[in-house]
Amino acid sequence: MAVVDADTSARITSLRFLLMVLIVFLHSYVEVPNEPFASHFVRTAFAGVFTRCGVPLFFFISAFLLFSKNDPYPLALKKRARSILLPYVVWTAFALAAFFALQSLPAMSGFFTHTNRIIRNFSCSDWFFSFVGTFPTHNPYPFVYQFWFLRDLMLLFLLAPIVRTLVSRYPFQVIILAVFAWFNNLNWLPLSSEAILFFVLGCYAALVRFHFSTFDSISVVSMVACYLALLTAEVLWEPQFPIIHRFTEFFGCVLMIRISACLVAIPRLFSYLKRLNAFSFWMFAMQSPLLLPAIEGAYKRCLPMSGYWMVLHYFTVALACIFLSVASGWLLRRLFPRLFSILTGGR
């Protein structure tokens with residue numbers, strides 16, 4: 001099977017950091033009662049709709065790259081153990097230790113104390129489920145809750161030979177089954193239906209030698225116009241028609257693939273995005289439960305958490321998290337490059 005072509009590789013590179021930025025904006029959303037309609041519309045359109053394409057696209061790209069290469073299965077697992085499993089364990093242990101230390105400091109405990117996360121009160125099972133997710137209570141999130149993505153990805157990598165066989169022999173049946181589960185939110189714990197679908201789609205795209213340029217014949221303006229219409233419809237009517245969310249999310253993924261052509265076409269912009277890719281995983285790991293709670297806590301002490309202030313809160317918290325993540329990652333890589341490499345899986 002052919003390795004990923006240069007154009008598709010460049011377009012994936014152009015998306016990685018931007019998709020991580022979307023995930024930060026997704027996790028920066030805080031619900032408040034009696035929010036003005038305009039404020040609710042802006043925050044929901046951005047956090048509840050636009051940012052939602054980030055995670056499924058990461059599953060798609062991960063599977064696409066895995067199945068597009070000729071790495072033997074043992075070698076592929078060895079690479080993922082270093083790039084995913086090692087930082088997963090190290091970051092979770094670090095977050096637990098940091099929470100314990102910060103919860104012990106009177107000046108900081110208010111920012112990091114949650115009723116279900118008092119580290120000193122953890123039982124043996126609490127420690128275990130902090131790493132894998134508390135499935136007995138149907139809570140799929142580990143302590144570093146955004147790491148559910150890495151956990152699902154590791155499990156799917158382990159199942160990669162089975163996925164490849166099923167998709168190569170019964171592509172349409174497998175895709176239809178995965179789409180049905182996704183539309184009906186039928187999660188197969190510990191794997192989410194979203195993870196399964198987009199991993200399967202990534203596998204299929206690799207097997208049929210899909211090129212990101214497939215969508216380049218479609219006008220960006222037309223796609224953006226259609227997406228904005230879907231986005232508006234979801235914000236206004238999603239409670240009555242929840243299926244709209246799935247269509248918007250999928251179309252958002254296609255739109256980002258199309259936009260990647262524009263990003264690559266601007267050399268200076270692509271150069272910046274390529275350099276920022278080094279901090280994508282660092283930003284992914286830093287955002288929660290360490291950075292976002294601290295920034296939100298500081299914001300709450302300075303400005304109100306109501307009305308139109310929530311729009312300022314949302315964008316301020318997300319942008320501050322992005323800036324501090326990149327700045328701290330740059331400093332750590334400069335001072336301790338080996339440690340940075342371990343914490344980011346050798347990226």
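The structure we're discussing is the one just above.
Quick caveat: nothing in here was measured; it's all calculated off a predicted structure. (Residues numbered from 1 in each chain as written. Predicted model: local features only at pLDDT ≥ 70, side-chain atom pairs only at ≥ 80, totals over all residues. Heavy atoms only, no water.)

K.L.:
Teacher, can you tell me more about the overall build of the chain here?
P.N.:
What the chain contains, in helices and strands, is 16 helices and zero strands. For 347 residues, the compact-globule estimate of 2.2 N^0.38 gives 20 Å, and the chain sits close to it at 20 Å. Principal-axis analysis of the C-alpha atoms gives the chain an extent of 60 × 50 × 45 Å. Taking contacts inside the chain between residues at least 6 apart in sequence as the whole, the part at least 24 apart equals 78%. Positive and negative side-chain charges of the chain, numbering 26 and 13 respectively, have mean locations separated by a distance of 12 Å. (Helix = DSSP H or I, 4+ residues; strand = E, 2+ residues; numbered from the N terminus. Rg over C-alpha atoms; globule rule 2.2 N^0.38 Å. Contact = heavy atoms within 4.5 Å. Lys, Arg positive; Asp, Glu negative; His and termini not counted. Charge placed at Lys NZ, Arg CZ, Asp CG, Glu CD.)

K.L.:
Even after reading the chapter, I still don't get the nonpolar core, so can you show me in this structure?
P.N.:
Counting 88 residues, the largest nonpolar core has Phe59, Phe60, Phe64, Phe67, Phe149 and Phe199 as the members making the most contacts within it. Membership of the second largest hydrophobic core comes to eight residues, among which are Tyr227, Val235, Val254 and Leu255. (Core = buried A, V, L, I, M, F, W, Y, C linked by side-chain atoms within 4.5 Å. Buried < 20%, exposed > 50% of the residue type's maximum accessible area, 1.4 Å probe, protein only.)

K.L.:
What's the story with the environment of Tyr299 in this structure? I'm lost.
P.N.:
Here Tyr299 lies in helix 14 (residues 280–302). When the C-alpha positions of Tyr299 and Gln173 are compared, they lie 50 Å apart, and in sequence the two are 126 residues distant. Apart from the residues lying within four places of it in its own chain, the contact partners of Tyr299 are Pro304, Met305, Trp309, Leu312, His313 and Thr316.

K.L.:
How do you make sense of the packing of helix 1 (residues 6–27) against helix 12 (residues 243–264) when you look at a structure like this?
P.N.:
For any two helices packed against each other, the geometry comes down to the angle between their axes and how far apart the axes lie. At a minimum axis separation of 9 Å, helix 1 and helix 12 run at an interaxial angle of 115 degrees. When the interaxial angle is binned, helix 1 and helix 12 end up roughly perpendicular. The interaxial crossing formed by helix 1 with helix 12 has right-handed handedness. For the pair helix 1 and helix 12, contact is made by Ala10, Arg11, Ser14, Leu15, Leu18, Leu19 and Leu22 and by Met256, Ile257, Arg258, Ser260, Ala261, Leu263 and Val264, respectively. Tallied by class, the residues present in the contact of helix 1 with helix 12 amount to ten nonpolar, two polar and two charged. (Axes fitted to C-alpha atoms, helices over the stretch in contact; angles between N-to-C directions. Parallel < 35°, antiparallel > 145°, perpendicular 65-115°, else oblique. Left-handed = near helix turned anticlockwise from the far one by under 90°. Nonpolar A, V, L, I, M, F, W, Y, C, P; charged D, E, K, R; others polar.)

K.L.:
Explanation requested: the packing of aromatic side chains in the structure shown.
P.N.:
To describe a pair of aromatic rings, one takes the distance between the centres and the angle between the planes. The tally for this structure, following the rule as stated, stands at 38 aromatic pairs. With 6.0 Å between their ring centres and 75 degrees between their planes, Phe157 and Phe199 make a pair best called edge-to-face. Here Phe157 is found in helix 7 (residues 148–158), whereas its partner Phe199 is found in helix 10 (residues 193–207), with 42 residues between them in sequence. On the accessibility criterion, Phe157 (5% relative accessible area) is buried. You can call Phe199 buried: its relative accessible area is 0%. (Phe/Tyr/Trp six-rings, centres within 6.5 Å; stacked < 30°, edge-to-face > 60°.)

K.L.:
Looking at this model, I keep getting lost on the packing of helix 3 (residues 54–68) against helix 10. Mind explaining?
P.N.:
Relative orientation of the contacting elements helix 3 and helix 10 amounts to 40 degrees, with a least axis distance of 7 Å. Put simply, helix 3 runs oblique to helix 10. Here helix 3 and helix 10 pass one another in a crossing that is right-handed. Contact residues: Val55, Pro56, Phe59, Phe60, Ala63, Phe64, Leu66, Phe67 and Ser68 in helix 3; Glu194, Ala195, Phe198, Phe199, Leu201, Gly202, Cys203, Ala205 and Ala206 in helix 10. Across the contact of helix 3 with helix 10, the residue classes tally to 15 nonpolar, two polar and one charged.

K.L.:
Explain the pattern of salt bridges here, please?
P.N.:
Opposite charge on two side chains permits them to pair, given that their charged atoms come into close proximity. Applying the stated criterion across every chain yields a total of seven salt bridges. One salt bridge in this structure joins Asp71 and Lys79, with 2.9 Å as the shortest N-O distance. Taking relative accessible area as the criterion, Lys79 reaches 40% and is therefore assigned partly exposed. In this structure, Arg258 engages Asp216 in a salt bridge whose closest nitrogen and oxygen atoms are separated by 3.9 Å. One end of the pair, Arg258, is in helix 12; the other, Asp216, is in the loop between helix 10 and helix 11 (220–237), with 42 residues separating them in the sequence. Taken together, the salt bridges that share partners define one network made up of Asp7, Arg11, Asp216 and Arg258. (Salt bridge = Lys/Arg side-chain N within 4 Å of Asp/Glu carboxyl O.)

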